[in-house]
Every structure is written in structure tokens, then in C-alpha cells.
Amino acid sequence: MSHISTSAGSCDQIGAVYHPATTTEHGYTIPASVWICLDSDRSSSHATMFLNIEHVRELAQRLPELLMAHDAAEHARIEQLAAEKSAAESRAA
């Protein structure tokens, strides 16, 4: 099971820590997880996501797709700005 703990605000730092599975003295097994922390130096903002390994695997598979979508959107935005600038220069001439 994955869960999140957070307070409102923006974050400018990220950290990720792997925690292997452990067994408590009472025999309860705590599954392996990754803790992802988002913090801010400028405010008291803090968020921590506790992801189980299956969610980490799924996220790892999706990240390249998400980054490609972002890069494509940024490229389209830059092309649009260049076209608008060219059109404005043509009208001014």
C-alpha cells in the first residue's frame, strides 16, 4: 500500500530513499518501499510519499513517456512563440 503525507506549499528539493522489507519483533513484515520527500527551504512545506515497490516499478516505466510528453509540449510552445514573433514582425514591416 502506498500513502502520502503533506502540508501545503511549494517544494524545491526532492529526495528518494529505499527501505528494504523488515520483520518486526512481533513477526509482522513491513514490505519494501521507497520514500519520496519534497521539501522547501523557503517555507515550512513538506510532503512525503511512501510508495510500495510495485508502484515504484509502475512509475519508473511511465517516467520516460511523461518526459517525452513534456519535451514535445515545450517544443510546440517554442515553435508557437517563434511563429507569433515572425507574424508580428511581418505585420510591423
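Residues numbered from 1 in each chain as written. Predicted model: local features only at pLDDT ≥ 70, side-chain atom pairs only at ≥ 80, totals over all residues. Heavy atoms only, no water.

Chemist: Would you mind going over the confidence of the model for the protein in detail, with residue names and values included?
Modeler: Of the residues in the protein, 97% have a pLDDT of 70 or more, and the chain-wide mean is 90. The element-level mean pLDDT for the protein is lowest in strand β1 (residues 3–6), coming to 74, with strand β3 (residues 22–23) highest at 96. (pLDDT = per-residue confidence, 0-100. Helix = DSSP H or I, 4+ residues; strand = E, 2+ residues; numbered from the N terminus.)

Chemist: So what about the side chain of Asn52? Which residues, and what values?
Modeler: Checked against the element boundaries, Asn52 lands in strand β6 (residues 46–52). Here the side chain of Asn52 touches Glu54 through a polar contact of 3.1 Å, landing on its backbone nitrogen. Looking at Asn52, its side chain comes within polar contact range of the main-chain nitrogen of His55, at 2.8 Å. Contacts of Asn52, omitting those with residues within four sequence positions, involve Met1, Ser2 and Ala32. (Polar contact = N/O pair within 3.5 Å; in protein donor to acceptor, adjacent residues only side chain to side chain. Contact = heavy atoms within 4.5 Å.)

Chemist: Any chance you could break down the layout of surface pockets for me, citing the residues and the numbers?
Modeler: Here the largest pocket defines a volume of roughly 230 Å³. Along the wall of the largest pocket there are 14 residues; nearest its centre are Met1, His3, Ile30, Pro31 and Ser33. Listed by contribution, the elements that provide at least two residues to the lining of the largest pocket are β5 (33–39) and β6. It is β6 that provides the largest number of residues to the lining of the largest pocket, a total of 3 residues. (1 Å grid on protein atoms, 1.4 Å probe; cavity = no way out; pocket = protein on both sides within 12 Å on 5 of 7 lines; lining within 4 Å. Points joined across faces, edges and corners; volume = space filled by probe spheres on them.)

Chemist: Run through the sheet that holds β6, naming residues and quoting values.
Modeler: One open sheet holds the 4 strands; their spatial order is β1-β6-β5-β2, and the pairing between them is antiparallel. Looking at strand neighbours, the two that pair on one side only are β1 and β2 (13–19), the edges of this open sheet. On average, each strand axis in the sheet is inclined to that of its neighbour by 15°, with strand direction left out of account. Pairing geometry for β2 and β5, over 7 bridges, is antiparallel. What sits directly across from Ile14, in β5, is Leu38. (Pairing = 2+ DSSP bridges. Axes fitted to C-alpha atoms, helices over the stretch in contact; angles between N-to-C directions.)

Chemist: Please set out the pairing of β6 residue by residue, giving values where relevant.
Modeler: Among the 7 residues of β6, 5 are classified as buried, and the element is accordingly described as predominantly covered. Relative to β6, β1 runs antiparallel, the two sharing 4 bridges. In the strand pairing of β6, His3 is matched with Phe50. Remark: 6 residues form the turn of the hairpin made by β5 and β6, two consecutive strands paired antiparallel. (Buried < 20%, exposed > 50% of the residue type's maximum accessible area, 1.4 Å probe, protein only.)

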